[in-house]
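Survey of secondary and tertiary structure
This is what each chain is made of:
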Amino acid sequence: STLPAHLQETIRRRHQVLGPGYMLMYREPVEFVSGQGAHLFDHEGNDYLDVYNNVPCVGHAHPRVVEVVSRQLAAVNTNTRYVQEALVDYAERLLATFPAGLSRLSLACSGSEANDLAMRVAKYHTGGEGIIVTRWAYHGITSEVSRFSPSLGKGSPLGPGVRLIDPPDPRLVAPGSTLAEHMRAQVRDAIEDLERHGFRLAALVTDSTYSSDGIFTDPVGYMPGVVEEVHAAGGVYIADEVQSGFARLGEEMWGFARHGVLPDIVTMGKPMGNGVPISGVVFRPEVSDDFGRNVRYFNTFAGSSIPVAAGAAVLDVFEEENVQQRVLENGTTLRAGIEEITRESPYVAEVRGRGLYVGVEIVADRDTLAPDRGLAEDVISDMRDRRVLISGTAKAANVLKIRPPLAFTSADVTRFLETFAEVAKERL
Ligand code: PMP
């Protein structure tokens, strides 16, 4: 390893105290001491381009967020058992970004907690226990949510009432059928199988980017039929917007909106507070109000002054810096550039994505589509050696995950594409 001695020593000590469950990214792990925009700086002051982290959406250490949160930290932090005008203002502002009908907000601290609450409410409302998710979905870590997160692997069993469907990958559709028919039929079959085993449907949960499945943002158009099936069975549709929310996909603030459907419940997290833990669940009141009346839900940190200040500062920056428009523009050049660079490669099956989220599927052979995890890892590692940070996703970890902070500038796009072209020339 070419890592500096002090870093190797930290990694050794880390393993001692954190154990084997804590993985590090990259063959050559890295430690950062500061950040700005989409840039991260190590101990030596080297400038890395962050093309991976979605939490610092408006940019690492954004001065507005730093100022607002610092001021709140120095003033007071109270919880939701006290009147907080700022919480009400924030809830109204956030809910105004949703279509009519989605008009209740609950706060939590992580995406997992948001999905955990969403599923509790879905079960309470429907009286069902059955859950449908995609084959390699990730929705979080609580004991409930881990049971509908198949990507956690063999050591983490699924619940008995959980059924899996393919992600919306048009290549899985039988000749003569359509993606809409394929998705709808899978959901119908899953519901029937659940009912045969004594489970009524509680919810279909989908991540509007299908991030862990391998990033399947397009085509749209299949969701209305799917949601019809879910509703006909008495279930609810939960849109997990932890990845796709907050304008990640450019055209819309929320990923589900691209699909022309109205979810019953929406969950969000990661970018919501630009790094300060805050997540949320948005409901149709018809779905959530009975639960609210009959079940005490108090979440100590959630909705308290500091995370709410962070959330509001993020929305301020979205408006002031026209973040969504920039995602659209820079996302389009980013994806077009990646398509251009990989067009002739025998190892790139597809470039997928929208806005500032791009997936590049790396295969051993374009005809068989056999995944090539090793090659994907080589590309990720070569990029990292050139100080550009990306990662991988999908079951076979063969889809390059290119997902920068939304603060990515056109100069950042250029730097990324130049570096990616160099690596692609050698590897792809
Ligand atoms: N849902 C999706 C789609 C996610 O990507 C994640 C996090 N990777 C979660 C839920 C869980 O969020 P958290 O890590 O904040 O609990």
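Taking an unreviewed UniProt entry as the reference, the chain is identified by name as Aspartate aminotransferase family protein belonging to Nocardioides eburneiflavus. What the UniProt record of the chain gives under Sequence similarities (unreviewed entry) is the line "Belongs to the class-III pyridoxal-phosphate-dependent aminotransferase family."

Now for the domain arrangement of the chain. For the chain, the domain assignment lists domain 1 (31–58 + 322–427) and domain 2 (63–320). Domain 1 and domain 2 are separated by 26 Å when their C-alpha centres are compared. Contributing elements (two or more residues each) for the side of domain 1 that touches domain 2: helix 11 (323–342), strand 11 (348–354) and strand 12 (357–362). Sort the elements by how many residues they give to the side of domain 1 that touches domain 2 and helix 11 lands first, with five residues. Among the residues making up the side of domain 1 that touches domain 2, the classes are represented as 12 nonpolar, seven polar and four charged.

This brings us to the site of the ligand. Neighbouring the ligand are 15 residues, the closest being S110, G111, S112, G140 and V242. Per element, the largest residue contribution to the shell around the ligand is three residues, and it comes from helix 4 (residues 111–126). Across the shell around the ligand, the residue classes tally to three nonpolar, nine polar and three charged.

Turning to the packing of helix 4 against helix 9 (residues 285–294), a few remarks are in order. Across the interface, helix 4 lies against helix 9 with an axial gap of 9 Å and an inter-helix angle of 95 degrees. Taken together, helix 4 and helix 9 sit at an angle that is classed as roughly perpendicular. On helix 9, the residues that touch V121, Y124 and H125 of helix 4 are V287, S288, D290 and F291. Its residues assigned to classes, the contact of helix 4 with helix 9 comprises four nonpolar, two polar and one charged.

Thresholds applied
- Residues numbered from 1 in each chain as written.
- Predicted model: local features only at pLDDT ≥ 70, side-chain atom pairs only at ≥ 80, totals over all residues.
- UniProt positions renumbered as here; feature names shortened; annotations may be inferred.
- Domains from an automatic or database assignment.
- Helix = DSSP H or I, 4+ residues; strand = E, 2+ residues; numbered from the N terminus.
- Nonpolar A, V, L, I, M, F, W, Y, C, P; charged D, E, K, R; others polar.
- Near = placed C-beta within 6 Å.
- Axes fitted to C-alpha atoms, helices over the stretch in contact; angles between N-to-C directions.
- Parallel < 35°, antiparallel > 145°, perpendicular 65-115°, else oblique.
- Contact = placed C-beta atoms within 7 Å.

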